[in-house]
Amino acid sequence: MENPFKFGTIVEDEFFTDREEEVAYIRQFMNSANHLILISPRRFGKSSVVEKAVKTINRKHITVNLQQVTSLTDFSAKLLKEFFKVHPLERVRHLISHFRIIPMVTTNTLTGSMEVSFQPSADATVLLEDVMTLIEKAHSEHDRLIVVLDEFQEIHAISTGLDRILRAVMQRQKHVNYILLGSQESMMTDIFENKKSPFYHFGELMRLKKLPREDFHRYLTLRLTPCFGQQSVRLADRILDYTACHPYYTQQLAANVWQVGMLQPETADPFGKAVEHIVIAHSLDYERLWMNLNRTNKWILQRMVSGKSFQNGEQRTSTIYSALKKLQKQGFVIYTDRYEMEDPFFKLWIEKEM
Ligand SMILES: Nc1ncnc2c1ncn2[C@@H]1O[C@H](COP(=O)(O)OP(=O)(O)O)[C@@H](O)[C@H]1O
Ligand SMILES: [Mg+2]
C-alpha cells in the first residue's frame, strides 16, 4: 500500500486537507482588482493552499518561485516561459513585436519542454518591462491573469533595486492579480508594511496559521486506520501533540509511523520508533546547525527545550529578545501565540545532547 502521507513538496488532491476557508477567501479575493500577500513561517502550507485556490479558479495563472531565480534577466526569462505555458507562442507572436530585445525560445523536441533566454548583454530592466507589458496586453480587465510570486522575500537577494523596478511596472498593470507569498515574517512585513518600501501597502496581507487540530486529526486517523485499526485515534493524538499541528512535521511523522507499521508490524511502539528514526536520520544536519550557533542562541534554545523561563537573570532581556528575533529569522524559532522551536525533532536532539 502506498504511503498516504506526503511532505516536502506542494500537496494536492488526497494529500491536501482542510483550508476550506482560506481557499474560498483567496478565490473570492481574485475576483477583485487587488493583490494578495500571504505570510507564514516556512512549511505551513502557503504554496499548497495558493496552488489549490488558483487551480480551481477558471482563469489563467502562472507561478514563479523567486528562490529559483538567479538574476533579473533570469526572472524575466522565467516569467516569459511560464507565460508561454498558458499562451502558446503561435497565438501571441504578434504581441511580441514590441519587444526591444527579442527572446530566444527553444523547444526540446524529446520532452516538449521549452526554454526561454535572452542575450546575456541585454538590459535587464528593459527585458522585465517588455515581459510585463506583454502580460498586460494579452489580458483584459475582464480576463485578468493571476501571477503567483513565491518566496517573494528573495526579491532583495536577486538584484538591488529590483523591488523599485518591479513596483514601477506593476503599478501600470490593470490586467493582473498578484499573489505574493513569503516565509520570513520580518522581511515580508518590512517589504509591505514599511512606509519607505516600494511595496508599502501593495495589497491585502493574509497570515496562514497551522492546520486546525480537529481536521488534521480526522485526516490522520482516516489514513492510519488501514494499518493500525483501533490504535489510529490514539496515534493521531500523539502525533499532533508532538508536532503541535505543524503541517510539514505532522505529515513527516505520520509518514514515518506508517512506514514502521507496514514494515515492522511487530513493533510495540511505532510512534516512538518513528520519532527516533527521524532524529537519527537528521542528526548530522542537527550537529552542524548546532555547531554554528553562538552561545546565546544555544542557551535560548536549551531553555526553550527544557521549558524553562528566559528570565533567570543570566541574560539581559534585550539580549534575549534580539536573539529570539534572529533565531526566528533563521527559521529555528517560530512565533504563533508564543515562541516555540520550529522543528520538534531538532528539539528532541538538543534535549538528548543536554
Ligand atoms: N492543506 C494541507 N494538508 C495536508 N498537508 C499539508 C497542507 N498544507 C501543507 N501541508 C504539509 O506541509 C508541507 C509544506 O507545505 P508547503 O505548501 O510547501 O508550505 P510552504 O509553502 O508554506 O513552505 C507539505 O509538503 C505537506 O506535507
Ligand atoms: Mg512554499
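The coordinates are above.
Residues numbered from 1 in each chain as written. Chains lettered and ligands numbered in written order. Predicted model: local features only at pLDDT ≥ 70, side-chain atom pairs only at ≥ 80, totals over all residues. Heavy atoms only, no water.

Engineer: Break down the overall build of the protein for me, citing the residues and quoting the values.
Structural biologist: Along the backbone of the protein there are 15 helices and nine strands. Seen along its three principal axes, the alpha-carbon backbone of the protein occupies a region of about 70 × 55 × 35 Å. Relative to its 354 residues, the protein shows a buried fraction of 50%. Across the protein, the 45 positively charged side chains and the 43 negatively charged ones have centroids separated by 4 Å. (Helix = DSSP H or I, 4+ residues; strand = E, 2+ residues; numbered from the N terminus. Buried < 20%, exposed > 50% of the residue type's maximum accessible area, 1.4 Å probe, protein only. Lys, Arg positive; Asp, Glu negative; His and termini not counted. Charge placed at Lys NZ, Arg CZ, Asp CG, Glu CD.)

Engineer: Explain the side chain of Asn3 to me, using residue names and the numbers behind them.
Structural biologist: Mapped onto the elements of the fold, Asn3 is located in the segment before α1 (20-29). At 3.1 Å, the side chain of Asn3 and the backbone nitrogen of Phe5 are in polar contact. At 3.0 Å, the side chain of Asn3 forms a polar contact with the backbone oxygen of Ala255. When near neighbours in sequence (up to four residues on either side) are disregarded, Asn3 contacts Phe15, Ala255, Trp258 and Gln259. (Polar contact = N/O pair within 3.5 Å; in protein donor to acceptor, adjacent residues only side chain to side chain. Contact = heavy atoms within 4.5 Å.)

Engineer: Go over unusual backbone geometry, please, and point to the residues and values.
Structural biologist: Of note, the phi angle at Asp13 is positive, near 50 degrees, even though the residue is not glycine. Along the chain, Asp13 falls in the segment before α1. Overall, the relative accessible area of 58% leaves Asp13 in the exposed class. With a phi close to 60 degrees, Arg19 is a non-glycine residue in the positive phi region. Mapped onto the elements of the fold, Arg19 is located in the segment before α1.

Engineer: Residues and numbers for the site of ligand 1, please.
Structural biologist: Among the 20 residues in the neighbourhood of ligand 1, the closest are listed as Lys6, Thr9, Arg43, Ser48 and Gln251. Separating an oxygen atom of ligand 1 from a backbone N or O atom of Gly45 is a distance of 2.9 Å. With respect to ligand 1, the side chain of Ser48 contributes an N or O atom lying 2.6 Å from an oxygen atom. Starting from 560 Å² of accessible surface for ligand 1 in isolation, the protein chains cover 95%. (Near = heavy atom within 4 Å. Areas by Shrake-Rupley, 256 points an atom, 1.4 Å probe, with all protein chains shown as cover.)

Engineer: Lay out a nonpolar patch on the surface with the relevant residues and their values.
Structural biologist: Among the surface-exposed residues, Met1, Met262 and Leu263 lie close enough to one another that they form a single nonpolar patch of about 360 Å² accessible area. Relative to the elements of secondary structure, Met262 occurs in helix α11 (residues 247-263). (Patch = residues over 30% accessible without salt bridge, like charges linked within 9 Å, V, L, I, M, F, W, Y side chains within 5 Å. Salt bridge = Lys/Arg side-chain N within 4 Å of Asp/Glu carboxyl O.)

Engineer: Requested: an account of α1, with residues and values cited.
Structural biologist: Each α-helix turn comprises 3.6 residues. Residues three or four places apart therefore point the same way. Within the span of α1, buried status applies to Glu22, Val23, Ile26 and Phe29. End-on, the buried residues of α1 take up no more than an arc of 135 degrees, which puts them together on one face. Facing away from the buried side of α1 by more than 90 degrees, the exposed set consists of Glu20 and Glu21. Packed against the buried residues of α1 are β1 (36-39), α2 (46-55), β6 (176-182) and β7 (204-207). (Arc of directions from axis to C-beta.)

Engineer: If you had to explain the sheet that holds strand β2 (residues 61-65) to someone new, which residues and values would you point to?
Structural biologist: Taken together, the five strands give an open sheet; going across it, the order is β2-β5-β6-β1-β7, and neighbouring strands pair in parallel fashion. Each having just a single partner strand, β2 and β7 make up the two edges of the open sheet. Between one strand axis and the next, the sheet turns through 20 degrees on average, direction left out of account. As judged from the five bridges shared by strand β5 (residues 145-150) and β6, these two strands associate in the parallel manner. Within β6, the position partnered with Val147 by the bridge is Tyr178. Most of the contacts of α2 go to β6, to which it runs at about 160 degrees, and overall it touches β1, β2, β5 and β6. Strand contacts of helix α8 (residues 185-193): β1, β6 and β7, with the helix running at about 160 degrees to β1, the strand carrying the most contacts. (Pairing = 2+ DSSP bridges. Axes fitted to C-alpha atoms, helices over the stretch in contact; angles between N-to-C directions.)

Engineer: Summarise the packing of helix α9 (residues 213-228) against helix α10 (residues 232-243); cite the residues concerned and give the values.
Structural biologist: Here α9 crosses α10 at 130 degrees, and the two axes come no closer than 8 Å. Our classification of the angle between α9 and α10 gives oblique. Crossing handedness for the pair α9 and α10: right-handed. Judged by residue contacts, Arg213, Phe216, His217, Leu220, Thr221, Leu224, Thr225 and Phe228 of α9 engage Ser232, Val233, Leu235, Ala236, Asp237, Ile239, Leu240 and Asp241 from α10. Partitioning the contact of α9 with α10 into residue classes produces nine nonpolar, four polar and three charged. (Parallel < 35°, antiparallel > 145°, perpendicular 65-115°, else oblique. Left-handed = near helix turned anticlockwise from the far one by under 90°. Nonpolar A, V, L, I, M, F, W, Y, C, P; charged D, E, K, R; others polar.)

Engineer: Can you explain the packing of aromatic side chains? Please cite residues and give values.
Structural biologist: Evaluation of the coordinates by the stated rule reveals 21 aromatic pairs. Seen from their ring centres, Trp299 and Phe310 are 6.4 Å apart, and the 45 degrees between their planes marks the pair as tilted. Remark: Phe310 occurs in the loop between α13 (295-305) and α14 (317-329) and Trp299 occurs in helix α13; sequence separation between them is eleven residues. Of the two residues examined, Trp299 and Phe310, each falls in the buried class. A network of ring pairs unites the aromatic residues Phe7, Tyr242, Tyr248, Tyr249, Phe271 and Phe345 as a single cluster. One cation-aromatic arrangement involves Arg43 over Tyr248; the distance from NZ or CZ to the ring centre is 4.2 Å. (Phe/Tyr/Trp six-rings, centres within 6.5 Å; stacked < 30°, edge-to-face > 60°. Lys NZ or Arg CZ within 6 Å of the ring centre and 35° of its normal.)

Engineer: Lay out the pattern of salt bridges in plain terms, naming residues and giving numbers.
Structural biologist: What the rule picks out here adds up to 16 salt bridges. Between Glu342 and Arg42 there is a salt bridge, and its shortest N-O distance comes to 3.5 Å. Residue Glu342 is located in the loop between β9 (339-341) and α15 (344-353), and its partner Arg42 is located in the loop between β1 and α2; the two are separated by 300 residues in the primary sequence. Residue classification places Glu342 among the buried residues on the basis of a relative accessible area of 5%. Between Lys55 and Glu51 there is a salt bridge; the shortest N-O distance is 3.5 Å. In this pair, Lys55 and Glu51 are both assigned in helix α2, four residues apart and thus about one turn of the helix distant. Given the relative accessible area of 23%, Glu51 is considered partly exposed. Look at the salt bridges and you will find they share partners, linking Glu12, Glu51 and Lys55 into a network.

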